[in-house]
Amino acid sequence: QGRIFDRGYVGFAASAVELALTDADLPKQALDGLLVNPGLSWSNPAMASATLQQALGLRDLRLSASMNIGGATACAMIQHACLAITAGVATTVACVFSDAPIKALRPGGTARRSTSYSMARGWDASFGYFGVNPRYAMIAKRHMHVYGTTQDQLGRVATTQRDWARDNPAAEMRERPLSLDDYHASRWIVEPFHVHDCCLVSNGGACVIVTDAERAR
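Before going into details, it helps to say that this report is about the structure given with it. Everything numeric here is computed off the predicted structure, so don't read it as measured data.

## Things to note about the overall build of the protein chain
- The number of helices and strands found in the protein chain is 8 helices and 8 strands.
- Taking the principal axes of its C-alpha atoms as reference, the protein chain extends roughly 50 × 50 × 40 Å.
- Nonlocal contacts in the protein chain, meaning residues at least 24 apart in sequence, comprise 68% of its contacts between residues at least 6 apart.
- When the 21 basic and 19 acidic side-chain charges of the protein chain are each reduced to a single mean position, those positions are 7 Å apart.

Written out as structure tokens, the structure is:
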């Protein structure tokens, strides 16, 4: 639920795969494909898939890769899994993400925050252009200019996501409802994004198991 410190990024990834397999009623041996999107806290992201394979004790994988194309990686992993299954390379593929950028409190209660997501580079940072949010803010402003997207529409995305979170017992913000008025009253991060447009930075993992329609039945 965001503030979990009892394991690292590999532990989160392994737990996510195990929970997804349980949910799909599949044994670990059913996996013959593994795609891993390593978060920014991974020490050796290029070897993320091999690291997780070893941690899970997976053998005889026919597809294994570490993937990272930024915020589009989740969709790309599922796309790659579908293509691999269609081509006969694999039959059952785990698509995994994990990260652990938030550190436990120091003695005395001083917070330890990771700088992994700051992405401060050169002159850009001098003018406040650092992190992911300003990059997407420029895209959002262009979308508003071209298509007439409104602030209310952006707000509806945030409030709808919060509604979904309130139905999830594992969600960090489950107990905090969010109205459109709350959204508009929240502080700006970088226009057109309020704080509620921006995702939480959390410790955790996620996994989706992809297979063909016949096996899924």
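## Structural notes on the sheet that holds strand β1 (residues 33-38)
- The 4 strands are arranged β2-β1-β3-β8 in an open sheet whose pairing can be described as mixed. Edge strands, defined here as strands with exactly one partner in the open sheet, are β2 (63-66) and β8 (204-211). This sheet shows a mean twist of 10° between the axes of neighbouring strands, independent of strand direction.

## Some points on unusual backbone geometry
- P192 follows E191 through a cis peptide bond whose omega is 10°.
- Topologically, P192 is positioned in the loop between β6 (188-190) and β7 (193-194).
- Phi is positive for D25, close to 55°, though the residue is something other than glycine.
- By the secondary structure assignment, D25 is in the loop between α1 (9-24) and β1.
- Its identity is not glycine, yet D60 carries a phi of approximately 60°, on the positive side.
- Examined against the element boundaries, D60 turns out to sit in the loop between α2 (48-56) and β2.

## Some points on α1
- Taking 1.5 Å per residue, 16 residues should reach 22 Å; α1 reaches 23 Å between its end C-alpha atoms and fits that length.
- Restricting attention to buried positions, one finds in α1 the residues Y9, F12, A13, A14, A16, V17, A20 and L21.
- Buried-residue contacts for α1 involve α2, β3 (92-99) and β8.
- After α1 finishes, the residue D25 shows a positive phi value of roughly 55°.

## A look at the nonpolar core
- Residues V17, L34, V36, L52, V96 and C207 are the most contacted members of the largest nonpolar core, which totals 21 residues.
- Secondary-structure elements contributing two or more residues to this core are α1, β1, α2 and β3.
- Among the nonpolar cores identified, the runner-up in size contains 12 residues, and A81, A90, V93 and V210 belong to it.

## With respect to the packing of α1 against α2
- With their axes 10 Å apart at the nearest point, α1 and α2 run at an angle of 65° to one another. Relative to α2, α1 is oriented so that their crossing is right-handed. On the side of α1, the interface is formed by V10, A13, A14, V17 and E18, while α2 contributes T51, L52, A55 and L56.
- For the contact of α1 with α2, a count of residues per class yields 7 nonpolar, 1 polar and 1 charged.

## Quick word on the environment of C95
- Take C95: it is sitting in strand β3.
- Looking at C95, the relative accessible area reads 5%, which means it is buried.
- When the C-alpha atoms of C95 and Q54 are compared, they prove to be 16 Å apart, with 41 residues separating the residues in sequence.
- Discounting chain neighbours no more than four positions away, the residues touching C95 are L35, M77, I78, A81, A206, C207, V208 and V210.

## Details of the pattern of salt bridges
- Going through the model one piece at a time under the given rule, you end up with 4 salt bridges.
- With a shortest N-O distance of 2.4 Å, D212 and R215 are connected by a salt bridge.
- Here R217 makes a salt bridge to E214, at a shortest N to O gap of 3.1 Å. Comparing R217 with E214 shows no difference in burial state: the two are exposed.

Here is what the cut-offs are and how they apply
- Residues numbered from 1 in each chain as written.
- Predicted model: local features only at pLDDT ≥ 70, side-chain atom pairs only at ≥ 80, totals over all residues.
- Heavy atoms only, no water.
- Helix = DSSP H or I, 4+ residues; strand = E, 2+ residues; numbered from the N terminus.
- Contact = heavy atoms within 4.5 Å.
- Lys, Arg positive; Asp, Glu negative; His and termini not counted.
- Charge placed at Lys NZ, Arg CZ, Asp CG, Glu CD.
- Pairing = 2+ DSSP bridges.
- Axes fitted to C-alpha atoms, helices over the stretch in contact; angles between N-to-C directions.
- Expected span 1.5 Å × (residues − 1).
- Buried < 20%, exposed > 50% of the residue type's maximum accessible area, 1.4 Å probe, protein only.
- Core = buried A, V, L, I, M, F, W, Y, C linked by side-chain atoms within 4.5 Å.
- Left-handed = near helix turned anticlockwise from the far one by under 90°.
- Nonpolar A, V, L, I, M, F, W, Y, C, P; charged D, E, K, R; others polar.
- Salt bridge = Lys/Arg side-chain N within 4 Å of Asp/Glu carboxyl O.

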